[in-house]
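In case you want the letters, here they are:
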Amino acid sequence: SQTIHQWPATLVQPVGSPLSLECTVEGTSNPNLYWYRQAAGRGLQLLFYSVGIGQISSEVPQNLSASRPQDRQFILSSKKLLLSDSGFYLCAWRAGFDGYTFGSGTRLTVV
Amino acid sequence: SQQGEEDPQALSIQEGENATMNCSYKTSINNLQWYRQNSGRGLVHLILIRSNEREKHSGRLRVTLDTSKKSSSLLITASRAADTASYFCATDEGSNYKLTFGKGTLLTVNP
């Protein structure tokens, strides 16, 4: 079966520290992968998407970057976190023609 | 950018009643999808309706799509307390299957 793993579930990081969030997918190959951020009480904002290894498209200029070192691995990074980077980060993959499957999310608090 | 806008922002009903949520969008779409998010969790795909479809059913869910008005509605019949969640519409405009989400409707079903 196809599953998506995202970790960690929660993270508290000081301003200026680096960030690395990882997402992996099992049971499929060459998936489209997506990183979204959700601010408190708001909708989802698409940050990055990838249609293949090493192929990253950025939707919003910001303090974050993404990488796809392997077919089923998608990483969200930052060299120096800002307070405004706080939020709920969600990884997703396109599950055929029936929509996205989302990971369980990472709640990031920058202090 | 925000494509879909849900209405109302919040809805509170009694168990057994029907809940109707609306979504409006701005541009042409390939399909429109509805997702559910329980508090602090990832999103779960509920139903997808293609641009050439007008109505679709799945269990207690009924979705309509009016492309001339650029609007969709999600009806949940015979609601249950377990239906309490935020509901999001998302539009697929056809470019790399990126989904653009609205801000969501918070549905509370009181037992």
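Each remark here, short or long, concerns the structure printed above.
Residues numbered from 1 in each chain as written. Chains lettered and ligands numbered in written order. Predicted model: local features only at pLDDT ≥ 70, side-chain atom pairs only at ≥ 80, totals over all residues. Heavy atoms only, no water.

Participant: Provide a residue-level description of the state of the cysteines, including the pertinent values.
Facilitator: Residues and elements named next belong to chain B. Applying the stated criterion across every chain, the model contains two disulfides over all chains. Two residues share a disulfide in this structure: C23 and C89, whose sulfurs sit 2.0 Å from each other. As the torsion about the S-S bond is roughly 65°, the C23-C89 disulfide counts as right-handed. You can see C23 sitting in strand β3 (residues 19-24) and its partner C89 sitting in strand β9 (residues 85-92), a full 66 residues away along the chain. The burial state of C23 is the same as that of C89; both residues are buried. (Disulfide = S-S within 2.5 Å. Helix = DSSP H or I, 4+ residues; strand = E, 2+ residues; numbered from the N terminus. Buried < 20%, exposed > 50% of the residue type's maximum accessible area, 1.4 Å probe, protein only.)

Participant: How would you explain the interface of chain B and chain A if you had to name every residue and give the values?
Facilitator: Each partner contributes to the interface: chain B provides 19 residues, whereas chain A provides 22 residues. Both sides of the chain B and chain A interface together cover about 1600 Å² of buried area, and 53% of this is carbon and sulfur. Interface area lost by chain B to chain A is led by L43, Y97 and K98 of chain B, which between them contribute 30%. Here chain B is connected to chain A by one salt bridge. (Contact = heavy atoms within 4.5 Å. Buried area = accessible area lost by both parts, 1.4 Å probe. Salt bridge = Lys/Arg side-chain N within 4 Å of Asp/Glu carboxyl O.)

Participant: Lay out the sheet that holds strand β1 (residues 3-7) of chain A with the relevant residues and their values.
Facilitator: Residue and element names in this part refer to chain A. The strand order β1-β3-β8-β7 describes an open sheet built from four strands, whose pairing is antiparallel. Strands with a single pairing partner mark the edges of an open sheet, and in this sheet they are β1 and β7 (65-70). The average angle at which neighbouring strand axes cross in this sheet is 20°, direction not considered. In this sheet, strand β8 (residues 73-78) lies alongside strand β3 (residues 19-26) in antiparallel orientation, the contact comprising six bridges. Bridged to S20 within β8 is S77. (Pairing = 2+ DSSP bridges. Axes fitted to C-alpha atoms, helices over the stretch in contact; angles between N-to-C directions.)

Participant: Give me the pattern of salt bridges: which residues, what numbers.
Facilitator: When their charged atoms lie close together, side chains carrying opposite charge are able to pair. For the coordinates displayed, the defined rule picks out five salt bridges over all chains. The closest approach of N and O atoms between E59 of chain A and K98 of chain B, which form a salt bridge, is 3.3 Å. Of this pair, E59 of chain A sits in the loop between β6 (55-58) and β7 while K98 of chain B sits in the loop between β9 and β10 (99-101), placing the two residues on different chains. For the salt bridge of R60 of chain B with D83 of chain B, the shortest nitrogen-to-oxygen distance reads 2.9 Å. Taken together, the residues R60 of chain B in the loop between β6 (55-58) and β7 (61-66) and D83 of chain B in the loop between β8 (71-76) and β9 connect sequence positions 23 residues apart.

Participant: Let's hear about the side chain of S17 of chain A: which residues, and what values?
Facilitator: Residues and elements named next belong to chain A. Within the secondary structure, S17 is located in the loop between β2 (10-13) and β3. According to the relative accessible area criterion, S17 is buried, its value standing at 11%. Side-chain polar atoms of S17 contact the side chain of Q13, separated by 3.4 Å. Looking at S17, its side chain comes within polar contact range of the main-chain oxygen of P14, at 2.6 Å. Not counting residues up to four positions away in its chain, the partners in contact with S17 are K79, K80 and L81. (Polar contact = N/O pair within 3.5 Å; in protein donor to acceptor, adjacent residues only side chain to side chain.)

The values are spatial; any link to function lies outside them.
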